[in-house]
Amino acid sequence: MPEAQPGKVYLVGAGPGDPGLLTLRGHDLLRAVDIVLPDSLVSEEVIALIDGPEIIPVGKRYGSNSVSQGDINALLVRLAQEGNTICRLKGGDPMVFGRIGEELRVLNDAGIAYEIVPGISSATAAPAYAGIPLTMRGVSAGFVCVTGRRASTAGSPDIDWPSLAGLNQTLVILMVATRIGDITDSLLEAGMDANAPVALIEQATLPGQRTLVATVADIAARAGEAGVMTPATLVVGPAVAESHHFAWRSALPLTGRRVLLTTPPPVTAGLGALLCAAGASVISRPAIEVEPLADADQFAANLEEGLEATDWAVFASRSAVDAVFNALESRGRDARALGGIHVAALGTGTARALEACGINPDLVPEEFVSESVVDGLLAELDADDRVLVFGAEGGRTVIRDRLNNAGFEVTRLDAYRTVPTAPTMPEVQSALDEVPDWAVFTSPSAVHSLFDSLDRAGLALPETTRVAVIGPITAAAAAERDLAVAAVAEPHTYAGLVSALVAESEPRDA
Ligand code: SAH
């Protein structure tokens, strides 16, 4: 049997935890390789971005016993020799305390090709997320990054604490959680000013980020009282004193809040991004999926015919915009098919989706429920205008019904359908285990889908999880499931939803 061509190994930095800090190259590889071997430091949020490849965890956190470095080296070589492309995924930057030297050596020895994809190291990300400039004119002319682990193996160089204590630059010390007392003792013995400011940054860039600012003399005791968790990074030096001016992260309104989002992607990208920007940690569990209609060709034909015979086109959602433009494209058509037709959009998100397709809607109602589109349309329509409405299969028919009642000729075309997702029990359970502060719904179907799967699994939302909805129709669906709605978006937009969460969330220490 001919031997397999050896595969390639990509040594990829996963960044410090926040998935937004992964590089584009790293993200691409998480979909393109055959196997991903993540370290224990790689955050769950980044693991969730792996789409397709087999995952072989080689860190303690995932329940497997920690695999020894020797075994990891052997595994890498074996898998590559079998012809697999492999992503060796390491926390932060692989070149910073990533034990990459050993892996590179065995790959060299075995003649296996590799590529190194840098990542954002916690050495710079932790200070950045704590608002500590590593260098600053007149304050700190440089920075040094060292390990907090005392050299324990004979022959490896120990840390030259006296040189570090005298540098008057920023010192970044990794691997500190259980050694803070030893480290500060070493610095004090080496002559460092006991009052020099120190920041301990725990779980930087992750939802549980905490920053403790103290002095070299008292940080160990303060960390003990606060019960610091790993991973944590220590930053020492005059630049730390600046952090209270620049602590941008703890100042965000939803910092430390966990939000369970049930909206399907790609829509989630918009709402998820807004929530993240407000500091929230988003647990994405789409409860519904948007799918093309069973008979997409029939829809495309109906669409072309409908557009020939209408004066207005009303889009009820972004998904309707996507569906219409996909159908037009399938017939070799484009935005010109709507030339000369007036266009109305339900919601600013829908309006934006239309704009992306080259259509500037003529009407975007101020209130974003179907009822107000009708009022807006009634004000604009000429007596004999014909209206074509695009919505979801089985969706609301308020616009059609009211316009019909007002004597207009209206056709409603189902443009797409939403189907409940079928999450596995572990997927549902893991979302609940994170004890979200909020569960957020942007459609009645998402409410029903989530609670159907909870009911099937005999589970319930944690008592402390509050429910937020985008508008009155979704609120009514929540009421049908006996849920108390704690926040309703006002206006009924994604931005309104984020504001409602902020308004209803108690301020909390970061
Ligand atoms: N290659 C990694 C570092 C590996 S050593 C990098 O470039 O970031 C592991 C140490 O990194 C931890 O003990 C801790 O000191 C630091 N670290 C990693 N992730 C961190 C995080 N999210 N917050 C604070 N420190 C972190």
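Residues numbered from 1 in each chain as written. Predicted model: local features only at pLDDT ≥ 70, side-chain atom pairs only at ≥ 80, totals over all residues. Heavy atoms only, no water.

1. Thoughts on the nonpolar core
With 29 residues, the main nonpolar core has F299, L307, F315, L338 and F390 as its most contacted residues. Those elements giving two or more residues to this core turn out to be α11 (296–308), β14 (312–315), α12 (318–330), β15 (342–345), α13 (348–356), β16 (386–392) and β17 (409–420). Among the elements that line this core, the one with the most residues is α12, at 7 residues. Among all residues touching L338, those that are not within four sequence positions of it are L307, A313, F315, F325, L328, V343 and I359. Within the second largest apolar cluster, 23 residues are counted, among which are V146, I183, L200 and A223. (Core = buried A, V, L, I, M, F, W, Y, C linked by side-chain atoms within 4.5 Å. Buried < 20%, exposed > 50% of the residue type's maximum accessible area, 1.4 Å probe, protein only. Helix = DSSP H or I, 4+ residues; strand = E, 2+ residues; numbered from the N terminus. Contact = heavy atoms within 4.5 Å.)

2. Examining the packing of aromatic side chains
With the rule as written, the count across this model stands at 3 aromatic pairs. Here the aromatic rings of Y129 and W248 are separated by 4.9 Å at their centres, their planes lie at 65°, and the arrangement is edge-to-face. With Y129 in helix α5 (residues 122–129) and W248 in the loop between α9 (243–246) and β11 (258–261), this residue pair connects regions lying 119 residues apart in the sequence. Ring geometry for F441 and F451: centres 6.1 Å apart, planes at 40°, overall tilted. In this pair, F441 sits in strand β18 (residues 438–441) while F451 sits in helix α17 (residues 444–457), placing the two residues 10 residues apart along the sequence. Exposure remark for F451: the relative accessible area of 8% places this residue in the buried category. (Phe/Tyr/Trp six-rings, centres within 6.5 Å; stacked < 30°, edge-to-face > 60°.)

3. Details of the pattern of salt bridges
Think of it this way: side chains of opposite charge can pair up when their charged atoms draw near. Per the stated rule, a full pass over the model turns up 19 salt bridges. Note that R258 and E434 form a salt bridge whose closest N and O atoms lie 3.5 Å from each other. In this pair, R258 is assigned in strand β11 and E434 in the loop between α16 (425–433) and β18, connecting sequence segments 176 residues apart. In this structure, R481 and D452 form a salt bridge, with 3.0 Å as the shortest nitrogen-oxygen distance. Separated by 29 residues along the polypeptide, R481 in the loop between α18 (472–480) and β20 (485–488) and D452 in helix α17 bring together distant segments of the chain. Overall, the relative accessible area of 22% leaves R481 in the partly exposed class. A single salt-bridge network, built from bridges that share partners, covers D39, R88, K90 and E103. (Salt bridge = Lys/Arg side-chain N within 4 Å of Asp/Glu carboxyl O.)

4. Section: the pairing of strand β8 (residues 197–202)
In the case of a regular strand, side chains alternate between the two sheet surfaces. Most of β8 is tucked away, with 6 of its 6 residues classed as buried. With burial as the criterion, each face of β8 is covered, one bearing P197, A199 and I201 and the other bearing V198, L200 and E202. Taken together, the 6 bridges between β8 and strand β9 (residues 210–215) define a ladder with antiparallel strand orientation. Paired with V198 across the strands is A214, a residue of β9. Here 5 bridges tie β8 to strand β10 (residues 232–236), and the two strands are oriented antiparallel to one another. Among the inter-strand pairings, V198 is bridged to a residue of β10, identified as V236. (Pairing = 2+ DSSP bridges.)

5. Describing the site of the ligand
Near the ligand you find 17 residues, and of these V96, S121, S122, M175 and A232 are the closest. At 2.8 Å from an oxygen atom of the ligand is found a side-chain nitrogen or oxygen belonging to S121. Measuring from an oxygen atom of the ligand, one finds a backbone N or O atom of A232 at 2.6 Å. In the shell around the ligand, the residues fall into 10 nonpolar, 6 polar and 1 charged. When residues of the shell around the ligand are assigned to domains, at least three map to each of domain 1 (8–120) and domain 2 (124–246). (Near = heavy atom within 4 Å. Polar contact = N/O pair within 3.5 Å; in protein donor to acceptor, adjacent residues only side chain to side chain. Nonpolar A, V, L, I, M, F, W, Y, C, P; charged D, E, K, R; others polar. Domains from an automatic or database assignment.)

6. Focus on the pairing of β17
Pairing geometry for strand β13 (residues 288–291) and β17, over 4 bridges, is antiparallel. From the neighbouring strand, E291 faces β17, where its bridge partner is R417.

7. Topic: the side chain of N84
Residue placement: N84 occurs in the loop between α3 (69–81) and β4 (86–90). If sequence neighbours within four positions are ignored, N84 has contacts with G7, K8, D34, I35 and L79.

8. Quick look at the domain arrangement of the chain
Per the domain assignment, the segments of the chain are domain 1 (8–120), domain 2 (124–246), domain 3 (258–287 + 421–504) and domain 4 (291–418). Computed from C-alpha atoms alone, the centre-to-centre distance between domain 3 and domain 4 is 27 Å.

9. Let's talk about the sheet that holds strand β5 (residues 114–117)
In space, the 5 strands of this open sheet follow the order β3-β2-β4-β1-β5, with parallel pairing throughout. With one partner strand each, in any of the chains shown, β3 (54–55) and β5 form the two edges of the open sheet. Examined bridge by bridge, strand β1 (residues 9–13) and β4 share 5 bridges and lie parallel to one another. Its bridge partner lying in β4, L11 is registered against R88.

10. Quick look at helix α7 (residues 180–189)
Since the α-helix turns once every 3.6 residues, residues separated by three or four places project in the same direction. Looking at α7, one finds that the buried residues are I180, I183, T184, S186 and L187. For α7, the buried positions fall inside an angular range of 155° around the axis, keeping them on one side. Check the buried side of α7 and you find it contacts α6 (161–165), β7 (170–174), β8, α8 (219–226) and β10. At the C-terminal side of α7, G191 shows a positive phi close to 95°. (Arc of directions from axis to C-beta.)

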